[in-house]
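Structural overview
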Amino acid sequence: MGGDFWCVFWWHGLNESLPSTEAVMFLKFSLRSVFYGAGGGNDIQWCFSQVKGAVDDDVAEADIISTVEFNHSGELLATGDKGGRVVIFQQEQENKTQSHSRGEYNVYSTFQSHEPEFDYLKSLEIEEKINKIRWLPQKNAAQFLLSTNDKTIKLWKISERDKRPEGYNLKEEDGRYRDPTTVTTLRVPVFRPMDLMVEASPRRIFANAHTYHINSISINSDYETYLSADDLRINLWHLEITDRSFNIVDIKPANMEELTEVITAAEFHPNSCSTFVYSSSKGTIRLCDMRASALCDRHSKLFEEPEDPSNRSFFSEIISSISDVKFSHSGRYMMTRDYLSVKIWDLNMENRPVETYQVHEYLRSKLCSLYENDCIFDKFECCWNGSDSIVMTGSYNNFFRMFDRNSKRDITLEASRENNKPRTVLKPRKVCASGKRKKDEISVDSLDFNKKILHTAWHPKENIIAVATTNNLYIFQDKMN
Amino acid sequence: PKCFPGAQNPAEDLEDTQEKDKSIPPERAEEAKLKAKYPNLGQKPGGSDFLMKRLQKGQKYFDSGDYNMAKAKMKNKQLPSAGPDKNLVTGDHIPTPQDLPQRKSSLVTSKLAG
């Protein structure tokens, strides 16, 4: 590494004799922490680990990945797609002899969560696309997750079966009934081991509570209730009760022609079971407290960054629309993603974000074409790392960006099959906004706007990330020495 | 020491922005471009068009009376068919059974699991 090489020479200049190996190692270590920041993100060297999905360029619509989510331990990784299917990957147990890499993620279970439906009364086609998956914390041997399409939320139980009963009296092993006259002895069936089978079964179906399209689900820290949000309403459910839900937010105007704002995302606070937030298409976030009233139409806090009126344009409102909101693990901060930036808000300060990171500012001078090709309406998600020190979000050309909140440095990486040798460190990418393009830079006009990374997820404890391109899932890990 | 990977070069970006600021901010320039192409954009008063369109996603309309009358009128001629975007009903086009996307049959396993 250039930085380390430099520091050896500096040391040599100060002393007559060559430094001992220990002294050099100590200096390398201490200088590294000065430059990269203690625990800073950019001393992470990201390496390709795995890629899932088909190689061919002709992408079937059903294969478009629509959501990615790690479970609470990080052992399981779930994806949902436009075809209504869920695929769950499980991390292999760590191999003690292979100390240079963590366990790989292999297919654990796959099932059809939602099917296409047609509402004949309203002439509405209901897509089977999985909008969100949220895991429940594990309480027993089985795993539970909530998956939702535009209208219906389902609670799925994923359980393992590794034994089966054998030795029935009235049935053969293949299930056919025996002729009762041939049964001359009586035996007790016993459980014998079998090949592991992972079964997914729908345990609850929460339907008919949303007139508009569900964009978010969020499980409460009480682990008993959860919320579901559509464009105009938010409902509160109990995980055990499917025939009833409580409406807690309703922003539908009496006259629909007065509609100016829709709900874009909602999430429960990670620790406070009475608190949740929802974001809007106008760039505001409202924090509500369910103890204040049954219907939380009046917010407890309103987070909004004042806009400079002189900067206002036709595009201002569209690009300020928040596509995702996520609380930090600590619960002290929340992050929002709008079209061009990621903002970190301190829950104690409503009038402006505490940090703003530009994702792809060079697109500001391309807004006209992005409006024409509808890309301006793309909904990017964002996520925190386990320690809340780094945030990550996607961009175009299969680029994704990470921002280290401590060192204030950022990096752009690419999810591409070209870098797919395990333990190859990913090379940072740079977009040239204008003027002379340096070697290895890519110009804005060469970006592929059909290659969008909308969904990313960070392992809750480790430096393992899952990045979804249109139809492939990439897993990257930090380089372990 | 060489520049750290991923660091934006703020001096360069600022220069570009300042150059543009001398004339028009980039967003306004883009707005002017759009208004030049679509002069009627944003003229309609009242609620936001694009919000309404978003709420109506998935809505399909079919009126059997319209459909049969149109068929009778046309007699031997073909009914105007849907354009590339089958979800938009424009002009004389009346949704026909041929236009409706085929109901999907049972899906195969995801390629992610392959």
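Just so we're clear, the structure is a prediction, and the values are computed from it rather than from any experiment.

Thresholds, definitions, all that
- Residues numbered from 1 in each chain as written.
- Chains lettered and ligands numbered in written order.
- Predicted model: local features only at pLDDT ≥ 70, side-chain atom pairs only at ≥ 80, totals over all residues.
- Heavy atoms only, no water.
- Helix = DSSP H or I, 4+ residues; strand = E, 2+ residues; numbered from the N terminus.
- Buried < 20%, exposed > 50% of the residue type's maximum accessible area, 1.4 Å probe, protein only.
- Areas by Shrake-Rupley, 256 points an atom, 1.4 Å probe, with all protein chains shown as cover.
- Pairing = 2+ DSSP bridges.
- Axes fitted to C-alpha atoms, helices over the stretch in contact; angles between N-to-C directions.
- Salt bridge = Lys/Arg side-chain N within 4 Å of Asp/Glu carboxyl O.
- Expected span 1.5 Å × (residues − 1).
- Arc of directions from axis to C-beta.

**Topic: the overall build of chain B**
From N to C terminus, chain B includes 4 helices and 0 strands. Taken from the N to the C terminus, the helices and strands of chain B come in the order α-α-α-α. Considering chain B as a whole, with its 114 residues, one finds that 19% of them fall into the buried category. When the accessible surface of chain B is summed, it comes to about 8,900 Å², and 55% of that surface belongs to carbon and sulfur atoms.

**Some words on the sheet that holds strand β11 (residues 190-206) of chain A**
All names here are of chain A. In space, the 4 strands of this open sheet follow the order β8-β9-β10-β11, with antiparallel pairing throughout. At either margin of the open sheet sits one strand with a lone partner, and together these are β8 (132-135) and β11. For this sheet the average axis-to-axis angle between neighbouring strands, irrespective of direction, equals 25 degrees. For strand β10 (residues 153-166) and β11, the ladder comprises 13 bridges, and the chain directions are antiparallel. By the bridge assignment, lysine 154 is partnered in β11 with isoleucine 205.

**Thoughts on the pairing of strand β31 (residues 464-468) of chain A**
Both faces of the sheet carry side chains from a regular strand, because those side chains alternate between them. All names here are of chain A. In terms of burial, β31 is a largely internal element, 5 of the 5 residues being buried. Residues Ile464, Ala466 and Ala468 point to one face of β31 and Ile465 and Val467 to the other, with burial holding for every one of them. For strand β30 (residues 455-458) and β31, the ladder comprises 4 bridges, and the chain directions are antiparallel. Pairing of threonine 456 across the sheet is with valine 467, part of β31. Linkage of β30 to β31, two consecutive antiparallel strands, is achieved through a turn of 5 residues. Strand direction decides the pairing type here: β31 and strand β32 (residues 473-478), joined by 5 bridges, are antiparallel. Counted as the bridge partner of alanine 466 is isoleucine 475 from β32. Here β31 folds back onto β32 in antiparallel fashion, the turn holding 4 residues.

**Observations concerning the pattern of salt bridges**
Side chains carrying opposite charge are able to pair once their charged atoms draw close together. Residue and element names in this part refer to chain A. What the rule picks out here adds up to 35 salt bridges over all chains. Of the charged contacts, one joins arginine 161 and glutamate 199 as a salt bridge, the two residues approaching to 3.2 Å between their closest N and O atoms. Residue arginine 161 is located in strand β10, and its partner glutamate 199 is located in strand β11; the two are separated by 38 residues in the primary sequence. According to the relative accessible area criterion, arginine 161 is partly exposed, its value standing at 37%. Measuring nitrogen to oxygen at the nearest pair gives 2.9 Å for the salt bridge that ties lysine 343 to glutamate 305. Here glutamate 305 lies in the loop between β19 (301-303) and α3 (316-320) and lysine 343 lies in strand β22 (residues 341-346), a separation of 38 residues in the sequence.

**Brief notes about helix α2 (residues 26-37) of chain B**
Residue and element names in this part refer to chain B. In a regular helix each residue adds 1.5 Å, so 12 residues correspond to 16 Å; α2 covers 17 Å between its end C-alpha atoms and thus fits that length. Taken together, the buried positions of α2 are Pro26, Glu27, Glu30, Glu31 and Leu34. Angular distribution of buried residues about the axis of α2 spans 140 degrees; they occupy a single face of the element.

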